[in-house]
Amino acid sequence: MRGFVTDPNSRAGLRLADDLPEPEPAPNEFLLGVRAFAINHDELNLIRRRPKRWRPGQDAAGIVLHAAADGSGPPTGARVAAYLDGQGWAERVAVPVHRAAVLDDRVSFEQAATLPIAGLTALRALRAAGAVLGRHVLVIGATGGVGQFAVQLALASGAHVTAYVSRPENRAKALELGAHRVITSLDEQGLGPFYAVLDGVGGPLTAQAVRQMAPRGTLIWYGNLGGPAELRLADFYGQAWNAHVVGFISPDPDETKGEDLAMLAALVANGQLAPRVGLTQEWKQTPDALDALSKGKIFGKAVLTLPVKASTR
Ligand SMILES: NC(=O)c1ccc[n+]([C@@H]2O[C@H](COP(=O)([O-])OP(=O)(O)OC[C@H]3O[C@@H](n4cnc5c(N)ncnc54)[C@H](OP(=O)(O)O)[C@@H]3O)[C@@H](O)[C@H]2O)c1
């Protein structure tokens, strides 16, 4: 079977191998024929940290080739999205049934592949922030993979959304997502107060955002592309009295990943959520897509597609 393995001597640290063992699904796992997968920031780090024959791939969508032996989960032939621990950048992969959702025909494999990591992170971060109906929400890193979902889901929840973007040229993208207001600096008086902040960047922006928060507001901190953040108690004393900062990790809880994926897929099917796929390429070009991701060149997600023949046995 073909699939990507890490290899320090290959471009982007990744090589397409053709000698991988066929997956052997456990009784509560089905065999997925992968038709599309997405790439994530953390996978760039993991490829560097696990350079020898490690198999990446957490976001996948495709067709169930063999249903789970215990009779649970989607039937053979179903179209599904799956949230994996790894090994998804391959023709076939075993998927625990509780980490998958069946797709409506209105959801493409490309759209579905964007949902697991980025979609669940935005969904769960927003939930952790509490009810946002009618409240002001700030999304930092708004045009990235997670940020595009955070903006759209906050809007769908009835929030007034301010999008922070790192470059003026990204303003139009944030407006296209529906943000009410787009800003390129957080270091100004009176931008908030924000009841909730979804922070995918960190660095100096985190303290700047805290200073713009409402009393008892919540900042969900899930990314650190901008480097370490330094917070002072005084950052809370202007107006962010008794605000919370949550060090957020989205894979928890595990048991409801499929349920959350199904919720996101239903929003896509109904036209309430429109995943932005800034780059779609044939899967052999995964190293190029990783390059583009590391350079911050992608609006939304990068998705790689497999030909029909590749994923079936
Ligand atoms: N905790 C978790 O469970 C979890 C889950 C998923 C992802 N993450 C992390 O969340 C972060 C974002 O992930 P992603 O998939 O959305 O990444 P992404 O697709 O690369 O998007 C990140 C966005 O952040 C902005 N940005 C990047 N570097 C910046 C900088 N130095 N200063 C200011 N803005 C910057 C850019 O958007 P603008 O131009 O619009 O500002 C960029 O599009 C990553 O660190 C990722 O590892 C964490």
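The structure presented is a predicted model; accordingly, all values stated were derived computationally and were not measured.

Now for the nonpolar core. Looking at soluble globular proteins, one finds that nonpolar side chains tend to be buried together. In terms of nonpolar packing, the biggest core is built from 51 residues, with L115, V139, L153 and L198 touching the most fellow members. Per element, the largest residue contribution to this core is nine residues, and it comes from helix α3 (residues 115-129). Per-domain counts for this core show at least three residues from each of domain 1 (3-114 + 275-311) and domain 2 (120-247). The residues touching L198, leaving out its near neighbours within four places in the chain, are A125, L126, A129, L138, V139, I140, A150, I220 and Y222. Counting 32 residues, the second largest nonpolar core, distinct from the first, contains I47, V64, A78 and W89.

Our next topic: the packing of α3 against helix α8 (residues 257-269). Axis separation between α3 and α8 bottoms out at 10 Å; the angle between their running directions is 95 degrees. It follows from the interaxial angle that α3 and α8 lie roughly perpendicular. Contacts between α3 and α8 involve L115, P116, G119, L120, L123, R124 and R127 on the former and, on the latter, K257, D260, L261, M263, L264, A265 and V268. Of the residues belonging to the contact of α3 with α8, the class tally is nine nonpolar, one polar and four charged.

With that out of the way, let us pick up the site of the ligand. Near the ligand, the surroundings consist of 24 residues, among which T143, G145, S166, N170 and S250 are the closest. With respect to the ligand, the side chain of H41 contributes an N or O atom lying 3.0 Å from an oxygen atom. In this structure, an oxygen atom belonging to the ligand sits 2.8 Å away from a main-chain N or O atom of S250. Within the complex, the protein chains bury 82% of what would otherwise be the 910 Å² of accessible surface of the ligand. The set of elements that each furnish at least two residues to the shell around the ligand consists of α3 and α4 (145-156).

Okay, the domain arrangement of the chain next. Per the domain assignment, the segments of the chain are domain 1 (3-114 + 275-311) and domain 2 (120-247). Here the C-alpha centroids of domain 1 and domain 2 sit 29 Å apart. Listed as interface residues are ten residues of domain 1 and, on the opposing side, twelve residues of domain 2. Here domain 1 and domain 2 share an interface that buries about 880 Å² over both sides, 58% of which is from carbon and sulfur atoms. For domain 1, the biggest contributors to the area lost against domain 2 are R276, F299 and G300; these three give 56% of the whole.

Attention now moves to the packing of aromatic side chains. This model, assessed by the stated rule, comprises two aromatic pairs. Ring geometry for F4 versus W283: centroids 5.8 Å apart, planes at 85 degrees, classification edge-to-face. With a gap of 279 residues between them, F4 in strand β1 (residues 3-6) and W283 in the loop between β14 (277-282) and α9 (286-294) connect regions that are remote in the sequence. For F4, a relative accessible area of 2% translates into the label buried. Since its relative accessible area comes to 0%, W283 is described here as buried. Ring geometry for F37 and W89: centres 5.5 Å apart, planes at 20 degrees, overall stacked. Taken together, the residues F37 in strand β3 (residues 29-38) and W89 in the loop between β5 (79-83) and β6 (92-96) connect sequence positions 52 residues apart. Looking at F37, the relative accessible area reads 0%, which means it is buried. Residue class for W89 comes out buried when judged on its relative accessible area of 1%. Seen from the ring of F109, R79 lies directly overhead, with NZ or CZ sitting 4.5 Å from the centre.

The rules we used
Residues numbered from 1 in each chain as written. Predicted model: local features only at pLDDT ≥ 70, side-chain atom pairs only at ≥ 80, totals over all residues. Heavy atoms only, no water. Core = buried A, V, L, I, M, F, W, Y, C linked by side-chain atoms within 4.5 Å. Buried < 20%, exposed > 50% of the residue type's maximum accessible area, 1.4 Å probe, protein only. Helix = DSSP H or I, 4+ residues; strand = E, 2+ residues; numbered from the N terminus. Domains from an automatic or database assignment. Contact = heavy atoms within 4.5 Å. Axes fitted to C-alpha atoms, helices over the stretch in contact; angles between N-to-C directions. Parallel < 35°, antiparallel > 145°, perpendicular 65-115°, else oblique. Nonpolar A, V, L, I, M, F, W, Y, C, P; charged D, E, K, R; others polar. Near = heavy atom within 4 Å. Polar contact = N/O pair within 3.5 Å; in protein donor to acceptor, adjacent residues only side chain to side chain. Areas by Shrake-Rupley, 256 points an atom, 1.4 Å probe, with all protein chains shown as cover. Buried area = accessible area lost by both parts, 1.4 Å probe. Phe/Tyr/Trp six-rings, centres within 6.5 Å; stacked < 30°, edge-to-face > 60°. Lys NZ or Arg CZ within 6 Å of the ring centre and 35° of its normal.

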